[in-house]
Amino acid sequence: CLLEHFGSVAAMVGCSHKQLLAAGLDSKTAAALLQPDENRLTAAINWLAADDHHLLHWHDPRYPPLLLQLAASPPVLFVAGDPAALRQPQLAIVGSRNATANGRANAHEFADHLTRAGLTITSGLAAGIDTAAHEGALAADGFSIAVLGTGPDITYPAANNSLAERIQHSGALVSEFPPGTPVRREHFPRRNRIISGLSLGVLVVEAGMRSGSLITARYAVESGREIFAIPGSIHSAVSKGCHHLIRQGAKLVESGSDIIEELGALAGVVCSAPTAVESAAEPPDHHDPDYAKLLCNIGHDAVDIQTLAASCGLTTGELSSMLLILELEGKVESLPGGRFQKLLGGTR
């Protein structure tokens, strides 16, 4: 790297364009280093003036040691919150932005229980599984770390502004990008390598075959971290990525104890951690026998109303009214295409 080549930051900044080219930089990068964008530099300095804003570099003792093990570890990290959180034993929980209600419930419950066991939950602040994982960790009064694909002063998606503020006060927001860096698609794979690099392992809750979560898992494999995946319905598009990971050697996970068994010794966490989603408890039967029969026939795989009508011996009109009531009670979820699915625990 440049620091090894020049020996110090001062020597690197004070060298010529020709010397930077000789060190391996391309002409554009060398010119940017010699003549930095003054506006961006001022923005970074102003951002760092806040008490809970920090800049960590490779030689800073607060820089997370696991991240240093990456071949392409970021030379600097912008951190909003508590840098000490980055040195805690972490589990990354990632998954689909277009998660199902059951997927979000799983992410929340696993994060809650594993936080209580002593792990810090790290994710990417995205909609869906990431959001549920952060929320679960915060619900357990634990640390959560959000790695951003933008500058540390920009929340994406904007709907997670309040969640980002809560994470900053109970953990940290982390970015390798300077303040003012907007949303760019190419930044998110780079964010994913940091998510995996900070963590002892990665739990994929739901993921399609083209999900960015598989990129996070690949980075984790390359850096020797543990990979966990929750299986789902063979008919669900957001389960196919998890099934692919399991076929490739990821550990199939049904409870929090499955993860503690693998990471407990490494993380120094409580091995008798409470089990997440212990038995995927069935929702209590409704007082009416027809409702009980309906709940029994829905199951956790998506099913259409015509199939339910045939199996329950009820008309589609009767079922439509009953399904609406069950959805309002949090017992079932309506899915695209007129299909329905039972929710775990019947409460979400």
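These lines cover the structure that appears in this document, whether it is placed above or below. (Residues numbered from 1 in each chain as written. Predicted model: local features only at pLDDT ≥ 70, side-chain atom pairs only at ≥ 80, totals over all residues. Heavy atoms only, no water.)

**Topic: the overall build of the protein**
Working step 1: In terms of regular secondary structure, the protein is built from 16 helices and 12 strands.
Working step 2: A total of 348 residues make up the protein; the buried ones form 51% of that total.
Working step 3: Across the protein, every contact between residues at least 6 apart in sequence was considered, and the portion connecting residues at least 24 apart equals 66%.
Working step 4: Accessible surface for the protein amounts to roughly 16200 Å². Of this, 54% is attributable to carbon and sulfur atoms. (Helix = DSSP H or I, 4+ residues; strand = E, 2+ residues; numbered from the N terminus. Buried < 20%, exposed > 50% of the residue type's maximum accessible area, 1.4 Å probe, protein only. Contact = heavy atoms within 4.5 Å. Areas by Shrake-Rupley, 256 points an atom, 1.4 Å probe, with all protein chains shown as cover.)

**Notes on the pattern of salt bridges**
Two side chains carrying opposite charge are able to pair once their charged atoms lie near each other.
Working step 1: For the structure shown, the criterion picks out 8 salt bridges.
Working step 2: Residues Arg-166 and Glu-135 are paired through a salt bridge, measuring 3.1 Å at the closest nitrogen-oxygen approach. One end of the pair, Arg-166, is in helix H9 (residues 161–169); the other, Glu-135, is in helix H8 (residues 129–139), and 31 residues separate them in sequence.
Working step 3: Where Glu-262 meets Lys-251, a salt bridge forms, and the shortest distance between an N and an O atom there is 3.2 Å. Taken together, the residues Glu-262 in helix H13 (residues 256–267) and Lys-251 in strand S9 (residues 251–252) connect sequence positions 11 residues apart.
Working step 4: Linked by salt bridges that have partners in common, Glu-176, Arg-190 and Arg-193 make up one network. (Salt bridge = Lys/Arg side-chain N within 4 Å of Asp/Glu carboxyl O.)

**Description of the side chain of Asn-192**
Working step 1: Summarising the element assignment, Asn-192 is placed in helix H10 (residues 187–198).
Working step 2: By relative accessible area, which is 4% here, Asn-192 ends up buried.
Working step 3: What Asn-192 contacts, discounting residues up to four positions off in sequence, is Gly-212, Ile-215, Thr-216 and Tyr-219.

**Digging into the sheet that holds strand S12 (residues 339–342)**
Working step 1: The 3 strands lie next to each other as S10-S12-S11, forming an open sheet whose pairing is antiparallel. One side of each edge strand has no neighbouring strand; the edge strands of this open sheet are strand S10 (303–304) and strand S11 (332–335).
Working step 2: Across 4 bridges, S11 lies against S12 in antiparallel orientation. Within S12, the residue paired with Val-332 across the bridge is Lys-342. (Pairing = 2+ DSSP bridges.)

**Here's the deal with the pairing of strand S7 (residues 201–204)**
Working step 1: Covered by surrounding structure in S7 are Gly-201 and Leu-203 together with Val-202 and Val-204, the residues of both alternating faces.
Working step 2: In the sheet, strand S3 (residues 90–94) pairs with S7 via 4 bridges, with the strands oriented parallel. By the bridge assignment for S7, Val-94 is matched with Val-204.
Working step 3: Strand direction decides the pairing type here: S7 and strand S8 (residues 226–229), joined by 4 bridges, are parallel. When the sheet's bridge partners are listed, Val-204 is paired in S8 with Ala-229.

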